[in-house]
Amino acid sequence: MLEVLTGGGLAASAGLNAYVPLLVMGVLARWTTAVDLPSGWQWLSNGWVLLILAVLLAVEVVADKVPVVDHVNDVVQTVVRPTAGGLAFGAGASSETVTVADPGAFFGSHQWVPVAAGVFIAFCVHALKAASRPVVNATTAGVGAPVVSTAEDITSVLLSLLAILLPVLVLLALVALVLFAMWVIRRRRRRGRARAPFEGVGT
């Protein structure tokens, strides 16, 4: 169960920011004992990989805080975030973290399953993020974009740390994401109903 929560939390984090969970895992594996990456994932703690991830993270952080540019960034990230989610789930779930005692038993021999699960989870979170940003930009005239983006970045970092150090708390974070998704759906439906009376009306 802890393996699933660790992988799920990292994948959800990747749905918000593709590079945060990979960078967090790499840094913790390289300079701490909190994460012990298995042989197939040791590349995540390589210095050059960490440098590239840091640069990509810096670009993502800036681009996601500019209205209109954030929408273009979300389109590009439709491929990147799910891919990162698959990598994060696969690496996190099969690694030896401080709370995971038996990583070898995770999903048996079906090594592709955690990667596929990570892709799915990250894509769902990314879709929620991409759908909510136009609502935020429209209701705040773009002023809310950097605020919401900063909150998403912080959430991504906290979710990654929780997934590795306290995976049980990931459940609370996932519940919060579901509640946020319900709010976004209701908000978009209200906006759709508000525009409906004016559709087809000539001037």
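The structure under discussion appears in the preceding block.
Presented here is a report on the structure given in the accompanying data block. Everything numeric here is computed off the predicted structure, so don't read it as measured data.

### Re the overall build of the protein
Broken down by element type, the protein carries 7 helices and 2 strands. Counted from the first residue to the last, the protein has its helices and strands arranged as α-α-β-α-α-β-α-α-α.

### Quick look at the pattern of salt bridges
It is possible for side chains bearing opposite charge to pair when their charged atoms get close. A complete count under the given rule lists 8 salt bridges for this structure. The residue Asp64 makes a salt bridge to Lys129 at a minimum N-O spacing of 2.9 Å. Of this pair, Asp64 sits in the loop between α3 (47-63) and α4 (69-93) while Lys129 is found in helix α5 (residues 112-140), placing the two residues 65 residues apart along the sequence. The pair Asp64 / Lys129 is uniform in exposure class, with both members buried. A salt bridge links Arg133 to Asp70; its shortest N-O distance comes to 3.1 Å. One end of the pair, Arg133, is in helix α5; the other, Asp70, is in helix α4, with 63 residues separating them in the sequence. Overall, the relative accessible area of 0% leaves Asp70 in the buried class. Counted as one network, the salt bridges with shared partners bring together Asp64, Asp70, Lys129, Arg133 and Glu152.

### A look at the packing of helix α2 (residues 20-31) against α3
Closest axis-to-axis distance for the α2/α3 pair is 10 Å, and the angle between their directions is 145°. Along this stretch, α2 crosses α3, giving a crossing that reads as left-handed. Counting all contacts with α2, which are made through Val20, Leu22, Leu23, Gly26, Val27, Arg30 and Trp31, the residues of α3 involved are Gly47, Leu50, Leu53, Ala54 and Leu57. Partitioned by chemical class, the residues of the contact of α2 with α3 number 9 nonpolar, 2 polar and 1 charged.

### Digging into helix α6 (residues 144-165)
Look at α6: 31 Å from first C-alpha to last across 22 residues, which is about the 32 Å you get at 1.5 Å a residue. For α6, the complete set of buried residues consists of Gly144, Ala145, Ser149, Glu152, Asp153, Ser156, Leu159, Ser160, Ala163 and Ile164. All buried residues of α6 lie within an arc of 165° about the axis, which places them on one face of the element.

### Details of the nonpolar core
Ranked by size, the top nonpolar core spans 26 residues in total, and within it Leu10, Leu22, Met25, Val35, Leu37, Leu44 and Ile164 carry the most contacts. Where this core is concerned, the elements lending two or more residues are α1 (2-16), α2, α3, α4 and α6.

Rules behind the numbers
Residues numbered from 1 in each chain as written. Predicted model: local features only at pLDDT ≥ 70, side-chain atom pairs only at ≥ 80, totals over all residues. Heavy atoms only, no water. Helix = DSSP H or I, 4+ residues; strand = E, 2+ residues; numbered from the N terminus. Salt bridge = Lys/Arg side-chain N within 4 Å of Asp/Glu carboxyl O. Buried < 20%, exposed > 50% of the residue type's maximum accessible area, 1.4 Å probe, protein only. Axes fitted to C-alpha atoms, helices over the stretch in contact; angles between N-to-C directions. Left-handed = near helix turned anticlockwise from the far one by under 90°. Contact = heavy atoms within 4.5 Å. Nonpolar A, V, L, I, M, F, W, Y, C, P; charged D, E, K, R; others polar. Expected span 1.5 Å × (residues − 1). Arc of directions from axis to C-beta. Core = buried A, V, L, I, M, F, W, Y, C linked by side-chain atoms within 4.5 Å.

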